[in-house]
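Understanding the architecture of this molecule
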Amino acid sequence: MADGLDPHDVLPNLCMNYILSLVDPPTLARCTLVSKAWRAHTESEALWEAHCQTLWKDKAYMSPAINELKSRRAAYAASLADAT
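Residues numbered from 1 in each chain as written. Predicted model: local features only at pLDDT ≥ 70, side-chain atom pairs only at ≥ 80, totals over all residues. Heavy atoms only, no water.

1. Description of helix H7 (residues 72-83)
Here H7 spans 16 Å end to end across 12 residues, near enough to the 16 Å set by a 1.5 Å rise per residue. Residues of H7 that are buried: Arg72, Ala75, Tyr76 and Ser79. Along the axis of H7, the buried positions cluster into a sector of 100°, meaning they face one direction only. Buried residues along H7 sit in contact with helix H3 (25-31), helix H5 (45-56) and helix H6 (64-67). (Helix = DSSP H or I, 4+ residues; strand = E, 2+ residues; numbered from the N terminus. Expected span 1.5 Å × (residues − 1). Buried < 20%, exposed > 50% of the residue type's maximum accessible area, 1.4 Å probe, protein only. Arc of directions from axis to C-beta. Contact = heavy atoms within 4.5 Å.)

2. Here's the deal with the confidence of the model for the protein chain
For the protein chain, per-residue confidence averages 87 on the pLDDT scale, and residues scoring 70 or more make up 95% of the total. Element-level pLDDT for the protein chain is lowest in helix H1 (residues 7-10), with a mean of 77, against a maximum mean of 94 in H3. (pLDDT = per-residue confidence, 0-100.)

3. Things to note about a nonpolar patch on the surface
A cluster of nonpolar residues, Tyr18, Ile19 and Leu22, forms a patch on the protein surface that exposes about 350 Å² of accessible area. Residue placement: Leu22 occurs in the loop between helix H2 (13-21) and H3. According to the relative accessible area criterion, Leu22 is exposed, its value standing at 60%. (Patch = residues over 30% accessible without salt bridge, like charges linked within 9 Å, V, L, I, M, F, W, Y side chains within 5 Å. Areas by Shrake-Rupley, 256 points an atom, 1.4 Å probe, with all protein chains shown as cover. Salt bridge = Lys/Arg side-chain N within 4 Å of Asp/Glu carboxyl O.)

Okay, structure coming up:
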């Protein structure tokens, strides 16, 4: 931001989560590198669950091991690796 303020510091959590829900997965993953506060937001299970559901929507088969992963972000990454 022009005045040096971090959006995380000035936006309510609800707004920040909504904005991040509009970000594509590769960019969302890069946002984890901004700061610890951004990392906490971008690793939200709800954000990654939505991306997983979109990715898995038309899949004919998904390995059960992927769904057993601890985090949805890890499950998303494993699904991408499994597709190649």
